[in-house]
Each structure stands twice: as C-alpha cells, then as structure tokens.
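Architecture at a glance
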Amino acid sequence: MDGDRASVLGSRVLRMEDHRLLTAGGTYVADLRVPELAGAAQVTFVRSPIAHALITGIDASVALGEPGVVAVLTGRDLGDLNGQAGQPMPEPLLATGRVRFVGEPVAMVITDGRYQGEDAAELVSVDYEPLAAVVGFGAALADETLLFPDTGSNVVATGGDEQGAGDAMFDGCDVVLGATFPNQRVAPVPLEVRGAAAAWADGRLTVWASTQNAQIARATISGRLAMDQAAVRVITPDVGGGFGAKIGTDRDAIAVAWAATRVGRPVCWSETRGENLVAMTHGRSQRQTVRIGGTRDGRILAYRLDFVQDLGAYPRGAYLASLTRLMTSGAYEIPRVRCGYQVVVTNTTPVDAYRGAGRPEATAAIERAVDMFAAEIGMDPAEVRRLNVVPPGSFPYTSPTGAVYDTGDYAAALDKVLAAAGYRDLRAEQARRRERGDTMQLGIGLSVYVEVTAGDHASGETGKVEVHEDGTVTVSTGSSPHGQGHATSWAMLVQEELGIPMADVTVVHGDTDVIPRGTGTYGSRSLQLGGAAVQKAAAAVREQARGLAAELAGATEAEMELDPRLGIWRVRGESGTELEWGKVAGQAGIEGLVADVLFVAKSPTFPFGAHVAVVEVDTETGKASLVRHVTVDDAGTLLNPLLAEGQRHGGIAQGAAQALVEEVLYDPDGNPLTATLADYATITATELPSFELVASQTPTAVNPLGAKGIGEAGTIGSTPAVQSAVIDAVAHLGVRHIDMPTTPQRVWAAISAAAISAARGGQ
Amino acid sequence: MKVEITVNGGQLATDVEDRMLLVHYVRDVAGLTATNVGCDTSSCGACTVLLDGESVKSCTLLAVQADGHDVTTVEGLASADGQLHPVQQAFREQHGLQCGFCTPGMVMAIVSLLRENPHPTEEQVRSGLEGNLCRCTGYHNIVRAALAAAGPAHPRGQDEDRPGGGVAP
Amino acid sequence: MIPAPFSYYRALSVDEALDLAAEHGEEAKFLAGGHSLLPLMKLRLALPEVVIDIGRLADLSHIRDAGDHITLGALTRHHDLEHSGLLARELPLLACAAGQVGDPQIRHRGTIGGSLAHADPASDLPAVVLALDATLVARGPSGTREIAAADFFGGLFETALEPDELLTEIRVPKPAAPRWSFQKFTKRAIDWAIVGVAVQGDAVALVNMGETPLRAAAVERALADGAAPRAAAALAAEGTRASADINATRDYREHLARVLVARGLQEAHARA
C-alpha cells in the first residue's frame, strides 16, 4: 500500500445492504417477479403422512379434475432420473415404492395458483401399507426393521476407534467417570423456508433457489437431471437464512427444476412452515457416551467419546461424524484420546449440517465430561480447564485425532471471560443464595472451545474485481451471502486496496452465468477464503493499474503512486499528473481492468474462545432463565467488528436455544410432534438477555487477512456453557447432569430424583 | 367479494376470494413483497403490518376483514423524500438485521410498540417482541435498535442503557 | 397454508348475525378477531362452510361501570382490556391476564368473547372469568339468556352456547376484596400456559388442568375452613384431570398447580 492513512479494515462500518432491506424488503424466491417467471405455475408437494410404509398406489384422477390443476407428477414420471443408481441407500426425488419419513415428497401438484394447489394436493390419493418405524438409536442399531432391506443394516458407516476397546487407556487415572447423553435433534428454522423457481427455454434450465451456494447447486441439479452443466443456470436471490440447512440442494428443489421441463411453463415453489419443519434437514441428533479419567489434582489423562449419529431417513449427512471425531479433544491437551462412532438411518427427517455441523456436538460432549470430572474431584471447573487447555506455546498443535490447531491462547480466553463476568463475585453470590436456600438459585456455566472453520479450504473461493471506465467497481464473488454482509465486507476490502469508496463498489454473487466458478457460504469459510480472494484480486488490479497509469502519465511504474484517500493515481511528487480510476480503466481497452482470483488456503483455521453463562433456576418449578452470557470468541483479525459481533450474537442465541428449549420430537411411530412453530419452541427475545462480548483477536497466518471463521463459534461455545449453568444451579441439591434441552420439567425431575436419592442415602 | 383497502396511503378496490389472507392481498394484489410469510400458526411475526396503526399478523387476517381499513407496510414507512423512519434508521445503525427476512415484520412490530410505549425498558422491548422470531441476530441488536429509536428514556433508574443488560447478581 | 374455501358473510348487527347463524346452522362459524379460528382453518383442522364476520359490531366492544359490576362487550379486544383504566382499578386480575394473552399483535385482534367461546382449556381468560364468578350473556333466536361462568364451559372446546347463539356480553361483579393474582407458567413467554392460576379473593381457578378451566374447589374449601395458604395450595391438584403433552406430564402439571396456587395466594394476600 502506498502512503499512510487510516485503514478501513477493522472498522465498525454500517452495512450497505440495509437500506434496500429496510425500505423495499429483500427479494427472496417467493418475491421474484421477473419476466422469465411470468405466468408461472405453482408447485405443491404431496408428502407422506406415515413414517415408514410401502406405497401401493397413487390416484391423482380426482385432483386432476379440480380447477386450475395443470398436472400431477410422481416418481414414475421422472423415470430413470428419479433414482440414485449405484447408491446403497438411494434417495429418490419423489418417493416410489417406499416412504421413509413423515414429510417425504411423493407427488407434485402443479396448479395455476397456490390456493388451488393446497386444495388439490389434499385430493391426491396415496395408498400406503404401513411398516414398523425405526425411531431412536436403539431401534436403528437393533436392525430388526430395515429402512433399506438390501443393505442388511441400518448402520451406514462405522468409523474411528473400535467401540468399547481401549480400556487400558484409563490406566493410571485416580478417577474415571462415564456418562451417556443425547445431543438432541434440533430444527434450523431459517425464517425463510425452502423455495425454488424454474424456467425452461431453448434447451436451458434456469433455477432460482434459496441456497447457500449457487455453483454447487448447479452441479447437483445438472447431475441429478442428467443435463450438461452448461445447460443449467442457477440464480440465488436474497436468501432468508440458511444455517447449514441450505447447503445441499434438496430433492424437492431438484424436482421443481425438473417440473419446469415438463409442464411447458415456469414453476414456483415455496413450502409452508409445516413442511419446513418435517422436510428440511434437521441438525445434531447424536447419542454420546463419554469416559474421562484423570488425577485428583486435576490433570485429565484420558478421554474417549463413542457416539451414534442418527442421520434420519437418508444418509445425506454421513460426513458429520468425522467432524465430531476431528474435534474430540476440544481445547485440551489430553495424553490419551479415542473416538469411535456409528452412523445410522431412522424413519425421521434427514439430518445434515446445522450451525456448527459436528463440532458443537464434540464440544458439548467434552465440556460436559470436563464438568463431571471437576465435580467429582471437587475442583472449580475454571481451574480444571486452566490446567488442561493446550498451552499457548504449543501452536501449531496437532491433536490426537489429527487436527492441526493453527494459533490460539485458550487460557487467556478463559481468564478474560472470567474477569469480564466477575466470576469470583458470581460464585460468592451463588454461595449466598445456596446458604439462604433461595428458591431462585444461581448457576454459572463455562465452556472453552476450539473449532475448525474452512474445513474444505482446498476448494478455495473465487473473487473477481473489475474497475469500470466510470471509476466504479464490480466484485463478483463465488461466496454466497445470506445475511453475513458480504457486500459491505468485500467493498471494504476494495476500498482498502484501491482507494475507491465503498459506495462505488457493487458486489454480485449467486448467478452461475456471471460467476461460473465458486463454492459458497458455509463452514464459516467466507471471509478467510472469499474475502481473501477479493483482496488478492483487488491487489492484482492495483498492480495492473499501476502499469496502465504509467503508460498514461508517460512515467515508469515505480514512479506511480496511488493516493489511497482520494483513489487517485499520480506520478510521485508531481502535481498535475493526477489520474482518476476511470481514466486508468479506460486505458485497459477491451480486456478491461480486471483480475479473477481463486484463493486456496493451505489449511483450515481454528477459532477458539470461552463462554460464561449465568442462569437463574426456579427450584420449585424447574424453570431456568439465562440472565447473562459473556463470551470471548477469537476469530483472528476482524475485518468489521460490527458484523462479527452480529454473527456471535446469532450463534450464541442458537446455541442457548439448544441448551434451553429447542428439540425436535417424534412419537414411537415416527410421527413428528413439533411440526409447527407453536410446538417447536424456537427461542425468542424474551428468553434471552443482552450478550456481553469481550474482544480478542489472535491472527492466523493461514490467509492474508489473518481471519478465521466466526459464523458458528458462538453456537459451539454457548450450548455447553448454558447447559452447564443450569446443572450448576442445582448441583448443591445433588444433581450431576440434566439432558438438553433443560426444560422446566427436566430440571424439576432432576431435582426431584436427587431429593429422593438423598433421602434414600440418608436412611 | 369486493374489498377496498388503503395500503400505504393508496386506495385499491378489487375483488378477492373470500378466503384470501391479508398477507397475500398485500403481496399479490398490492404487489408489496417486503411483508413475508414465515409460518402457518401466527407464531413468527414476519407478516406483521399495521392495521389502522396497530401491529397485526397479516397471515391471520382475511383480506375481507381489512375492507375499509388502512394497512401500512414497511414500504410505506419512510417519508416521501426517502428519509428513513427512526426505527428503520436505528436498525441500520445498530446492525439490527442480517438476512432481512424477519426485518419488515420486526420493524412494524416495533413501530407499533413505540407508539403505545414511547420509552420502553429493555425488558418491555423484549416482551413486546415475543411474537416476532429472528434466527440471525439473537435479538441483541434488534433490542438495541428499538431502544435507540425510542431515544433516551426518562430517568427512572432503568437498565436499558447498560450495555451488558441482564441481571447483575 | 390457507383455509379451505368457505362463504363469507359480514354481519352489521347482532340481529343479522343471528339470522345468518340460524340460516346456516352447524356449517357456520362466527369470526370475531379470528385468532383462534383462522389458525385452525389454515391448518384445515376447522372446515366451516360459512364464516359470519361479527368483527364490525361496534356495540359489542365496550367496558362499562354498571355499579356493582362491570360489563364487557364480547368483542372487546385483549389490548383494550389490558389498557383500560377502569379495569386497572376494578378488575386488575382481568387486565393483567389479558396482557399476557399471546403477543401484542394477537392482543390487537383477539377478543374476550372469542377466547371464551373457543373454550380452549389452555387459554387464560376462561379461568379468569371463572375465578371472577362472571355471568356470560348470550343472544339467540329466542332472546337473551344469562349463563354463569361455572356453567359455560362444557368440555374441550365446548361451551353452553347453541350454534345459533352469540355471546354478546360478560358481566363481572366487582370483587369484594382487592386480593388477586395471575400466575402463568410457560416455557417461553409466547407459549400457552403449561399451567395457570387465577386468584380473586378466596376464589382460585386453574388453566390447563383439565378439559375445561376449573375452580380449585379443594383449595377454596380449605381456605374457607381457615387453612393457611400453603396448606390449602397443597390441595390444588385435587379433582383436576390434567393431560400430558410434549411440555409436561400430568404429574408435573399437578406439581406446578400446587406451586402456582401457593404463589398466587401469597401474592394475593400481599395486596391486601
């Protein structure tokens, strides 16, 4: 960079996206009013009301006679395109033969209007022959009823260390503890449900999809529909939240795209929330068994995690277990660590990525185990953590499961968060309430975490920067924003490199005809890969411009300087030689002043942090209320702290939600019990406090921005801290564990059971 | 049935199906798509608009029920010269939105809340937003935005200006 | 989701509403604020062929002081109950409970009459009018009749109203004692009560402890016999028939009833 000036990087810059979203609203799939979709028909899915059944017949004749019905399409109409030939557990686009979860799409009703679609879908008659449903870990592993009889088992995969083996790893421990608990199934609930629209013209298919990655969606859609990738264009309009559940392109959207090729007019689909809660993928859903051993003076010597990952009806999320395994030992340096897992299918909604995707599960398991260990040896949980975290001088640190933690200072994060929370005072207040026997008890929960972001760093991300002859800039990014603020962040990077004001920078994304190469936004990868690509592209443009400016000024490149404040080139020290960006761009001629970069990082990054949750528990009713939540979330160098804080806030809330209230439930027959937002207890503003965020930035050398991911960190840290706080609030009553979510009834039951056990013990 | 509904000051008379929901009237008849549908059970608040100045969930109202009444959506909030409404302005300044999907409903809920209670406490804001879900912001900056839009409260020893919020034990 | 098709009629007077109801019989439903009926219609759990909109009957929306009692029009909104100065003075229990129904948007539309006629045992106001010994006034083809709150709630979503009758007014006697409390226990603020308790004087009513709102008769008897509030509250689950659902087992509901009645009595006494 030439010259001195205040950098925009690291500033709390307000978002460029907001004015439009606040005055006209976003343009989400359901809002599209583009000419290509004029006269579009509406798609309504007929979904299975039964968890496991054979389909013995589908009769659409009545529905076809209803007003406005254009077509009713089934798996049979899809022919060879419907299946997933060669897959051991194939997932068709529309179920034929067998349904495997309530909500599975069976047929599509195409109508002129949406109201007609809902009416007609009720009239499609599907005959089912019910089968026993596989619900829960035990039923899956029992293999008495199989979802895919040809495979001989509901177990999709087994990985890591052998189950049950390795008891010798606990040799030499003074204390060995074990427990089994669920990391319960939760629903992602992006406020915008799933949706897609498609138009078929001149042998090309254009698909508008609510997705986190347009280019991958194009590959998925063209692959499933046996089309040339070039014949498919995917456009991502505004996306109303994804949280991992819009990474994959669901079968429903692919079927919608296909329908456009069949019915002779464009089609639109936007599901209902009721459909969303049963047919969009869920998250988590593990049964975890932990075993931890160590010395009485607080050293953890051995830890093992064995878990079963329930993937629901189809193994879309088969990779999740390996992410949990990778992060088994968390932020701790433990001499002996093992992790083994089994991945199973059940007659429930498929499970896939949800904010954290495999890592929150690992963190929750070890943090719970560390708390149990601390309780057993009678040591403060903060002290046990301080003793066992990976020490600051050990980075890069290779964990026993092969993760290479790049940079960090976990003890410092813990100390900072304890100081900010006033940990000592909180413990004193807790002691006073216990002494008084208050109804409202105080609980303090801690977590120290490390997580992996940009795990698929090798795919990299694209960024293209072009300066136009009017001096404005277009940034084309392969990343795929849906609330993260890329337009602002990428413009900041351009302003930094080129001195062109952010207001003159337009960021485009999510149109595969404009940006053929790209990966998308998930796994907390955007800034460290996509942002780095934009920065490198902008820097390349600057150096190209230097040559062009030199040509224009009749000087050498070395003599040219960019005034970063004004965004003007000049010959160093010579007034009157000023050249504006537009002029320089004009000199580039037909090739344009443009650079297109694919940035590939050498490795993932490992953000870390520490959380303190403070809850009040009403010991008479069991209701827990989160009253404070204090966090250090260190994601390396921050580009825009305002946006990073927003990511933390949202992450903390979703993690706290899992700890406190949210859970997807099924009855034993696989019928969903939480299929509306009245039943699925999505956390609201009244269940949360304002959050207290502590700043901490430990840069990474993995990318030029020094940045790690921040999208998932808050969730990963908050879940175990909040759960731990609830348990801590009633620990003096003899409670050692409460499963998530720590609902009032669960807390009350734990207090009651501890009281009974204490009474028996006293006899 | 023929209905005449004033949306953002403009009168529109048209025939609608008896069962048409107000939110679909706003989106499809009036063509104003900022107001979103996020659920089926009046749980999420994404569809919140003002009916005669008060917040309502437009997914739980028939268009025919709004016949002869005034509806205001987020598109009708800024002044004619483009000046943002104080709540819109505060959302921008406090980073009160991310994906933007809940935002129109959230803004309208807060406009209504502040009309009824111009200087709410943080707790009153939170309970006033109990019917509006957001999945991106953790509500933190939405609450800040509502408090900022309200301006400084009368000094009553309330906790709204303490950045940490919550209960200090 | 959208309701199945129906025919919409707008009544401009009570007489017109009754004529329409008489004409369409059991196929018709009255629509007041719509916040109980429309969600059920959207989920297609309710499929009325005829909807009679009574929302514009302005003479059914009022809160009046009638000397020894307060009269409430059936179409008085929760929001209006919550913010009424008259109720704040005379029936603070009702004002407080109305302010906890649903969320602000729902309170801007939902009405007391709609809530009572819907008779959901998990909703707040049925138990409140029961605790207040209110009288419900219904008009039908053969005129007006008065129904004691205690006789109004017949079962799950069932009331003493005939299909051709319209609930028009609620008359609430002014309580003798200023002792009241409303305890609503929920997982989230927006949720229906897992259990709720309304206390007015020595009257105690329960939300969601059976198929209808219930008076906690054993508690009331114990109080009348001079029992201490805590001892009386221990009887709160007697005679109840709480259901089990994803939020609570029957045991837990019974426990909550005892805790909340104790708190309610304590708070009520503290106001004396």
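Model, not experiment: these values are computed from the prediction.

Some words on the overall build of chain B
On a plain count of helices and strands, chain B comes out with five helices and five strands. Moving toward the C terminus, one meets the helices and strands of chain B in the order β-β-α-β-β-β-α-α-α-α. Out of the 169 residues in chain B, the part that is buried amounts to 63%. A fraction of 57% describes how many contacts in chain B between residues 6 or more apart in sequence connect residues 24 or more apart. Per element, the accessible surface of chain B, about 5500 Å² overall, is 47% carbon and sulfur.

A closer look at the overall build of chain A
Counting its regular elements, chain A contains 19 helices and 28 strands. Its C-alpha atoms give chain A principal-axis dimensions of roughly 95 × 75 × 45 Å. Looking at chain A as a whole, 64% of its 763 residues are labelled buried. Surface exposure of chain A reaches about 24600 Å², of which carbon and sulfur atoms provide 51%.

Quick look at the domain arrangement of chain B
Residues and elements named next belong to chain B. Annotation of chain B at the domain level lists domain 1 (2-76) and domain 2 (86-150). Between the C-alpha centres of domain 1 and domain 2 there is a distance of 21 Å. Every contact between the two is made by 18 residues of domain 1 and, on the other side, 14 residues of domain 2. Of the roughly 1200 Å² buried between domain 1 and domain 2 on both sides combined, carbon and sulfur atoms contribute 58%. Here domain 1 and domain 2 share seven residue pairs in polar contact (both at pLDDT 80 or more) between them. Breaking the side of domain 1 that touches domain 2 down by element, the ones donating at least two residues are β3 (48-51) and β4 (54-57). Broken down by class, the residue content of the side of domain 1 that touches domain 2 amounts to seven nonpolar, nine polar and two charged.

Remarks on helix α3 (residues 103-116) of chain B
Residue and element names in this part refer to chain B. If you check α3, its first and last C-alpha atoms are 20 Å apart, about what 14 residues at 1.5 Å a residue would give, namely 20 Å. Counted residue by residue, α3 has 12 buried out of 14 residues, so it is predominantly covered. When we look at burial in α3, the residues that qualify are Thr103, Pro104, Gly105, Met106, Val107, Met108, Ala109, Ile110, Val111, Ser112, Leu113 and Leu114.

Points about the sheet that holds strand β5 (residues 105-111) of chain A
Residues and elements named next belong to chain A. The seven strands are arranged β3-β5-β1-β12-β9-β10-β11 in an open sheet whose pairing can be described as mixed. Every other strand in the sheet has two partners, leaving β3 (69-74) and β11 (232-235) as the edge strands with one partner each. Neighbour-to-neighbour, the strand axes of this sheet turn through a mean angle of 20 degrees, independent of strand direction. Across the face of the sheet, helix α4 (residues 114-121) comes into contact with β1 (41-47), β3, β5 and β12 (267-270) while running at roughly 25 degrees to β1. Relative to the sheet, helix α7 (residues 251-262) contacts β1, β3, β5, β9 (195-201), β10 (204-209) and β12, its axis offset from that of β9 by approximately 25 degrees.

A look at the nonpolar core
Residues Phe91, Val107 and Tyr139 of chain B are the most contacted members of the largest nonpolar core, which totals 79 residues. With residues near it in sequence (within four places) discarded, Tyr139 of chain B still touches Ile683, Thr684, Ala685 and Leu688 of chain A together with Met106, Arg126, Asn132, Leu133 and Cys134 of chain B. Counting residues in each nonpolar core, the second largest holds 65 residues, with Leu320, Ala365, Val417 and Leu442 of chain A among its members.

Quick look at the interface of chain A and chain C
Residue-level contacts link 27 residues of chain A with 22 residues of chain C. Overall, the association of chain A and chain C removes approximately 2200 Å² of surface from exposure, summing both partners, and the carbon and sulfur fraction of that is 57%. For chain A, the biggest contributors to the area lost against chain C are Glu620, Gln745 and Trp748 of chain A; these three give 25% of the whole. Applying the counting rule to chain A against chain C returns five salt bridges. Ionic pairing is found between Arg263 of chain C and Glu620 of chain A, a salt bridge with its closest N-O pair at 2.8 Å.

Here's the deal with the sheet that holds strand β12 (residues 195-200) of chain C
All names here are of chain C. Spatially, the four strands line up as an open sheet ordered β11-β12-β13-β14, and their pairing is antiparallel. At either end of the open sheet lies a strand with only one pairing partner, and these are β11 (180-185) and β14 (214-215). Where β12 and strand β13 (residues 203-207) come together, five bridges link them in antiparallel fashion. Its bridge partner lying in β13, Ala198 is registered against Ala205. Contacting β11, β12, β13 and β14, helix α8 (residues 124-131) runs over the sheet at an angle of about 165 degrees to β13.

Considering the packing of helix α11 (residues 381-388) of chain A against helix α12 (residues 410-421) of chain A
Residue and element names in this part refer to chain A. In the contact formed by α11 and α12, the axes pass within 10 Å of each other and the chain directions differ by 160 degrees. Here α11 lies roughly antiparallel to α12, going by the angle between them. Note that α11 runs across α12; the crossing there is left-handed. In this structure, α11 uses Ala382, Arg385 and Arg386 to contact α12, whose residues at the interface are Leu414, Asp415 and Leu418. Of the residues belonging to the contact of α11 with α12, the class tally is three nonpolar, no polar and three charged.

Things to note about unusual backbone geometry
All names here are of chain A. For the bond from Phe395 to Pro396, the omega torsion is -5 degrees, close enough to zero to count as cis. As for its position among the elements, Pro396 is in the loop between α11 and β16 (397-398). Of note, the bond from Met740 into Pro741 is cis; its omega dihedral lies within 30 degrees of zero at -10 degrees. You can see Pro741 is positioned in the loop between α18 (713-729) and α19 (744-762). We note that Ser285 has phi near 70 degrees; this positive angle belongs to a residue other than glycine. Counting through the fold element by element, Ser285 comes out in strand β13 (residues 283-294).

Concerning the domain arrangement of chain A
Residues and elements named next belong to chain A. Per the domain assignment, the segments making up chain A are domain 1 (18-24 + 456-599), domain 2 (32-131 + 189-279), domain 3 (132-187 + 282-388) and domain 4 (406-453 + 605-763). Taking the mean C-alpha position of each, domain 3 and domain 4 sit 19 Å from one another. Opposite the 39 residues of domain 3 that make contact, domain 4 presents 42 residues. Of the roughly 3300 Å² buried at the junction of domain 3 and domain 4 (both faces included), carbon and sulfur atoms supply 56%. When the buried area of domain 3 at its contact with domain 4 is split by residue, Gln184, Arg355 and Arg359 rank highest and sum to 21% of it. Joining domain 3 to domain 4, the criterion identifies four salt bridges. Here Asp415 and Arg386 are joined by a salt bridge, their closest N and O atoms 2.9 Å apart.

Let's talk about the packing of aromatic side chains
All names here are of chain A. All told, the structure shown has 13 aromatic pairs over all chains when counted by the stated rule. For the pair Tyr405 and Phe606, a centre-to-centre distance of 5.1 Å together with 45 degrees between the ring planes defines the contact as tilted. Linking Tyr405 in strand β17 (residues 404-405) with Phe606 in the loop between β25 (593-599) and β26 (608-618), this pair joins segments that are 201 residues apart in sequence. Each member of the pair Tyr405 and Phe606 is classed as buried. Among the aromatic residues, those joined into a cluster by ring pairs are Phe395, Tyr397, Tyr405, Tyr410, Phe606 and Phe608. Sitting above the plane of the Tyr522 ring, Arg525 keeps its charged end 5.1 Å from the centroid.

So, the pattern of salt bridges
Applying the stated criterion across every chain yields a total of 80 salt bridges over all chains. When the shortest N-O distance is used, the salt bridge between Glu118 of chain A and Arg114 of chain A registers 3.8 Å. You can see Glu118 of chain A and its partner Arg114 of chain A sitting in helix α4, four residues apart, about one turn around the helix. Here Lys184 of chain C ties to Asp124 of chain C by a salt bridge, and the two come within 2.8 Å at their closest N and O atoms. Within this pair, whereas Lys184 of chain C is found in strand β11, its partner Asp124 of chain C is found in helix α8, the two being separated by 60 residues in sequence. Assessed through its relative accessible area of 4%, Asp124 of chain C is described here as buried. Salt bridges sharing common partners tie together Arg47, Glu91, Glu104, Arg194, Asp250, Arg251, Asp252, Glu271, Glu275 and Arg316 of chain A.

A look at the pairing of β3 of chain B
All names here are of chain B. Burial along β3 is two-sided: the residues Thr48 and Leu50 and Val49 and Leu51 are all buried. Bridge analysis of β3 against β4 gives four bridges, and the strand direction is antiparallel. Considered in β4, the bridge of Thr48 is made with Lys57. Hairpin connection of β3 to β4: two residues between the antiparallel strands, including Asp52 at a positive phi of 50 degrees. In the sheet, β3 pairs with strand β5 (residues 70-72) via two bridges, with the strands oriented antiparallel. When the sheet's bridge partners are listed, Leu50 is paired in β5 with Thr72.

About the cut-offs
Residues numbered from 1 in each chain as written. Chains lettered and ligands numbered in written order. Predicted model: local features only at pLDDT ≥ 70, side-chain atom pairs only at ≥ 80, totals over all residues. Heavy atoms only, no water. Helix = DSSP H or I, 4+ residues; strand = E, 2+ residues; numbered from the N terminus. Buried < 20%, exposed > 50% of the residue type's maximum accessible area, 1.4 Å probe, protein only. Contact = heavy atoms within 4.5 Å. Areas by Shrake-Rupley, 256 points an atom, 1.4 Å probe, with all protein chains shown as cover. Domains from an automatic or database assignment. Buried area = accessible area lost by both parts, 1.4 Å probe. Polar contact = N/O pair within 3.5 Å; in protein donor to acceptor, adjacent residues only side chain to side chain. Nonpolar A, V, L, I, M, F, W, Y, C, P; charged D, E, K, R; others polar. Expected span 1.5 Å × (residues − 1). Pairing = 2+ DSSP bridges. Axes fitted to C-alpha atoms, helices over the stretch in contact; angles between N-to-C directions. Core = buried A, V, L, I, M, F, W, Y, C linked by side-chain atoms within 4.5 Å. Salt bridge = Lys/Arg side-chain N within 4 Å of Asp/Glu carboxyl O. Parallel < 35°, antiparallel > 145°, perpendicular 65-115°, else oblique. Left-handed = near helix turned anticlockwise from the far one by under 90°. Phe/Tyr/Trp six-rings, centres within 6.5 Å; stacked < 30°, edge-to-face > 60°. Lys NZ or Arg CZ within 6 Å of the ring centre and 35° of its normal.

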